Amino acid sequence: ADTAALQKYSSNQRVAACVYSVNSLDVTITPSSAATRTLSLYFLDWDSDGRVQNVQVYDLESRQVLDTREVREFENGKYLRWRTTGNIGVRITRVAGANAVLSGVFLD
């Protein structure tokens, strides 16, 4: 019932889940069309471990870094959003805390 956990699309139930890695994790976004879209990432430090992470968004073809942001104090959840086109890579790197985590990826 904790509102920091993501709500399932088909019900009022919530799920606090994540993918994680000790040092860093990579996500590849390859949309089916070249249209401009909003990429949203959701971060949740569920166990309040004091995590701090760097999030780097880059163009997959050229490897050009498009944006870098730091995420901290996300015990209650935090979204980061970008307007993107084409194939995008995301690298999440642990700065502090036990590991790097990502709880949701949304493309609309």
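Now for a look at the structure at hand. Source: prediction; values computed, not measured.

## Description of the overall build of the protein
Part 1: Tallying secondary structure elements over the protein gives zero helices and 11 strands in all.
Part 2: Traced from its N-terminal end to its C-terminal end, the protein shows the element sequence β-β-β-β-β-β-β-β-β-β-β.
Part 3: Relative to the globule expectation of 13 Å for 108 residues, the C-alpha radius of gyration of the protein, 14 Å, shows essentially globular dimensions.
Part 4: Principal axes of the C-alpha set define a box for the protein whose edges measure 40 × 35 × 15 Å.
Part 5: Across the 108 residues of the protein, 35% fall into the buried class.
Part 6: Across the protein, every contact between residues at least 6 apart in sequence was considered, and the portion connecting residues at least 24 apart equals 75%.
Part 7: Taken as a whole, the protein presents about 6400 Å² of accessible surface, with 45% of it coming from carbon and sulfur.
Part 8: Of the charged side chains in the protein, 12 are positive and 12 negative, and the gap between their average positions amounts to 4 Å.

## What to know about the sheet that holds strand 9 (residues 88–96)
Across a sheet, strands are paired by hydrogen bonds formed along the backbone, either parallel or antiparallel in direction.
Part 1: Taken together, four strands build an open sheet; the order of strands is 4-9-6-7 and the sheet is antiparallel. Either end of the sheet is taken by a strand with one partner, and the two such strands are strand 4 (24–29) and strand 7 (65–72). Adjacent strand axes in the sheet meet at a mean angle of 15° when their direction is disregarded.
Part 2: For strand 6 (residues 52–59) and strand 7, the ladder comprises seven bridges, and the chain directions are antiparallel. Bridge pairing links valine 55 to arginine 69 in strand 7.

Rules behind the numbers
Residues numbered from 1 in each chain as written. Predicted model: local features only at pLDDT ≥ 70, side-chain atom pairs only at ≥ 80, totals over all residues. Heavy atoms only, no water. Helix = DSSP H or I, 4+ residues; strand = E, 2+ residues; numbered from the N terminus. Rg over C-alpha atoms; globule rule 2.2 N^0.38 Å. Buried < 20%, exposed > 50% of the residue type's maximum accessible area, 1.4 Å probe, protein only. Contact = heavy atoms within 4.5 Å. Areas by Shrake-Rupley, 256 points an atom, 1.4 Å probe, with all protein chains shown as cover. Lys, Arg positive; Asp, Glu negative; His and termini not counted. Charge placed at Lys NZ, Arg CZ, Asp CG, Glu CD. Pairing = 2+ DSSP bridges. Axes fitted to C-alpha atoms, helices over the stretch in contact; angles between N-to-C directions.

That's the geometry; what it means functionally is another story.
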